[in-house]
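Summary of structural features
One-letter residues, chain by chain:
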Amino acid sequence: MFLVRDWSFPYESPYGVAGGRKVLEKRLQISDKQHQELKQIRQHIRSCFEEISCFLLPHPGLNVATNPHFEGKLKDIEREFKDQLRVLIPLLLDPDNLIVKEINGSKVTCRDLMEYFKAYIKIYQGEELPEPKSMLQATAEANNLAAVTTAKSDYSKRMETVCGGDKPYLHPDRLEEDHLRCKQSSIDIFKSTRKMGGAEFSKQYLERLGAEIDEQYENFKKHNDGKNIFSSARTPAVLFTVMTFCYVMSGVFGIVGIESFANLLNLVLGLFLILLVMWIYVRYSGEHVGVGQQIDQIAEFIWDKGLSQVYMQMMQKGVQQALKHQTTQQKTRPKTD
């Protein structure tokens, strides 16, 4: 519905819907004398809406427009304006007239409506009225943002069923497979949603959707890693291993008489003992979380740069020795008839 305020020609077209219909038909009429751009605008307006109506509303009165002390009291408003308002409000808010709004053939949800509000508020922040082109672009932007929000919400719901709060720990490879599957499903939802602006305009929002999904995936990864008891025990295990190594090597250097190296290793042992005590306190009390994260990063660095490689080599040698021992037993086992 187009609302024309301060209508000053009731003798040509009366107030209300009837007069509005007459004005609308006249304004949207297409003739051969019009410029091609004016014809396209009128055709575009008719193609954008299933039904078009218009309402002519009179001026509320000079007392409203010119009185700086006007406080919104009904007695100060012209009677004719109030009469027409009694006709207009039921047309807009009557339960029989309320229908689910659609834009570009898709029903608008409350979440989508919020995106449209944000887009329109942005272009109305200036002192001048926006051009129709700006309004169309804002609508297309809000339309694509709503599609991004819907697709991202679908990704979150799917991932919650995979690695949510009450779900067990998943192997990182399996988690990545589920992430790629859910991400592709969300991208398909975005592409299948009817949007304004064309494919080229929607491309930037598709890239934005991918970036935001990847950011969410990082949070899901951290949440999943927190469920791994071995990952949680890595920090104290690394600190204790370094302390044990320093203790043994300081004893060796002390026996051979290299006291300087022995004292240095004892200093490192004491430092890592302090780190271990601090880490236990942070985990127990929940205070100074930043300190605990720093200690975790130190332990992770030591594990990635040194201990993990030593551990893998020891595992490989252990497996080789086990296979060699099993092969030797099979060769020496006496054959039975």
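**Details of the pattern of salt bridges**
Scanning the model with the defined rule gives ten salt bridges in all. In this structure, Arg79 engages Asp83 in a salt bridge whose closest nitrogen and oxygen atoms are separated by 2.9 Å. Taken together, the positions of Arg79 and Asp83, both in helix α4 (residues 79-93) and four residues apart, correspond to about one turn of that helix. A salt bridge links Arg158 to Asp154, with the nearest nitrogen and oxygen atoms 2.9 Å apart. You can see Arg158 and its partner Asp154 sitting in helix α6 (residues 132-163), four residues apart, about one turn around the helix. With a relative accessible area of 18%, Asp154 lands in the buried category. A cluster of three or more residues bridged by salt bridges with shared partners is formed by Arg79, Asp83 and Arg86.

**Re α4**
Between its first and last C-alpha, α4 extends 21 Å over 15 residues, near the 21 Å set by a 1.5 Å rise per residue. Of all the residues in α4, the buried ones are Phe81, Gln84 and Leu88. The inward-facing, buried residues of α4 contact β1 (2-4) and β2 (54-56).

**Let's talk about the packing of aromatic side chains**
Tallied over the entire structure, the rule returns five aromatic pairs. Residues Trp7 and Phe9 carry aromatic rings whose centres are separated by 5.5 Å and whose planes lie at 75 degrees to one another, so their mutual orientation is edge-to-face. A residue is classified by how much of its surface remains accessible, and Trp7, at 14% relative accessible area, is buried. Looking at Phe9, the relative accessible area reads 37%, which means it is partly exposed. Between the aromatic rings of Phe201 and Tyr205, the centroid separation amounts to 5.5 Å while the plane-to-plane angle is 45 degrees, which identifies the pairing as tilted. Linking Phe201 with Tyr205, this pair stays in helix α8 (residues 198-225), spanning four residues, or about one helical turn. Using a relative accessible area of 8% as the deciding quantity, one classes Tyr205 as buried.

What counts and how
Residues numbered from 1 in each chain as written. Predicted model: local features only at pLDDT ≥ 70, side-chain atom pairs only at ≥ 80, totals over all residues. Heavy atoms only, no water. Salt bridge = Lys/Arg side-chain N within 4 Å of Asp/Glu carboxyl O. Helix = DSSP H or I, 4+ residues; strand = E, 2+ residues; numbered from the N terminus. Buried < 20%, exposed > 50% of the residue type's maximum accessible area, 1.4 Å probe, protein only. Expected span 1.5 Å × (residues − 1). Contact = heavy atoms within 4.5 Å. Phe/Tyr/Trp six-rings, centres within 6.5 Å; stacked < 30°, edge-to-face > 60°.

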